[in-house]
Amino acid sequence: MLSQERTAFTDFIAIDWSGQAVERPKGLAVARAEAGSAAPVLVERNWSRQDIADWLAQLADKGTRALIGLDLSPAFPLADAGAYFPGWELSPSDGPALWKLVEALSLSDLHLAATSFVQHPDARRHFRQMGDCGDLFPPGRGRFRVCEHGQEAMRLSPYSCFNLVGASQVGKSSLTGMRVLHRLRGKLPIWPFDPLPERGPVLVEIYTALAARAAGMRKGVSKIRDGATLDAMLAALGSEPHAPLTRYDDHATDAILSAAWLRAVADDAGLWAPEGLTPELARTEGWTFGVR
């Protein structure tokens, strides 16, 4: 259980993210659950990334005791090579400095995109992009954070944030998310870069496939596209059935199931002190909530 000195969470919010370089990506979805067993509900809105940043800042201003999961990687690997971008003099020393750099080099990009960052002559050397594999992108699948190796140990399928190619790539989402994290810096604690606060909201990194596995979905299948399957997965997490949706796409169901999962595991003290999460990793690479 969480320390009795800390106030229990009242709200559990999961955000399925998107790196699409448009104002209102179809992949953005937000679901919210209250303490108890009622099913999470979609926060219906034609979201932009800035809308979500503003909404989260409002939650912080209100002091809402919310556990907020954001489906993206908040940082690049550093432990494996001693730097996010070895050989680049601008390579930041920690997560917040990384978010600041991504923001600074992407200011001309509309909709909180990060196209300019990955096109920077020094940054692009580290990324695999369509038709342009940087000379510092290593052979194979690319570099991984320590917690992503932990995801592999849980039989999940992490992807390198330096890979920007393919339907499963996560780099673009992570980069756009870093711009949002920069905007929220000082307004909303971001664990583990910041300690778990005693009150108010906290934001954590989530991996929606982890919620699906916890609900009993077999390996190789992680997407829910019908109401019956969603209800079965929710029940496994102690949640009541959901209200029918107007759409059963990956984004909506991922957000709903992940919000229920956050509620189910929020009091697991082991998830807030995972083996292998050192102060250095907390400062530089961060950690996926739910990876032990």
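Residues numbered from 1 in each chain as written. Predicted model: local features only at pLDDT ≥ 70, side-chain atom pairs only at ≥ 80, totals over all residues. Heavy atoms only, no water.

1. What to know about the state of the cysteines
Two cysteines joined by a covalent bond between their sulfur atoms form a disulfide.
So, point 1. Under the criterion given, the structure shown has zero disulfides.
So, point 2. Just so you know, Cys161 is unpaired, no disulfide at all, and the nearest cysteine sulfur is the one on Cys147, 8.8 Å from it.
So, point 3. Overall, the relative accessible area of 1% leaves Cys161 in the buried class. (Disulfide = S-S within 2.5 Å. Buried < 20%, exposed > 50% of the residue type's maximum accessible area, 1.4 Å probe, protein only.)

2. Description of the pairing of strand S1 (residues 11-16)
So, point 1. Most of S1 is tucked away: six of the six residues are buried.
So, point 2. Residues Asp11, Ile13 and Ile15 of S1 are buried on one face, and the alternating residues Phe12, Ala14 and Asp16, pointing to the opposite face, are buried as well.
So, point 3. Of the pairings in the sheet, the one linking S1 to strand S4 (residues 66-70) comprises five bridges and is parallel in character. When the bridges of S4 are listed, Ile15 appears paired with Leu70. (Helix = DSSP H or I, 4+ residues; strand = E, 2+ residues; numbered from the N terminus. Pairing = 2+ DSSP bridges.)

3. Overview of the environment of Gly36
So, point 1. Take Gly36: it is sitting in the loop between strand S2 (29-34) and strand S3 (41-42).
So, point 2. Residues Gly36 and Glu240, 204 residues apart in the sequence, show an inter-C-alpha distance of 9.6 Å.

4. Considering the sheet that holds strand S7 (residues 202-205)
So, point 1. The strand order across the open sheet built from five strands is S3-S2-S1-S4-S7, with neighbouring strands paired in mixed fashion. Strands with a single pairing partner mark the edges of an open sheet, and in this sheet they are S3 and S7.

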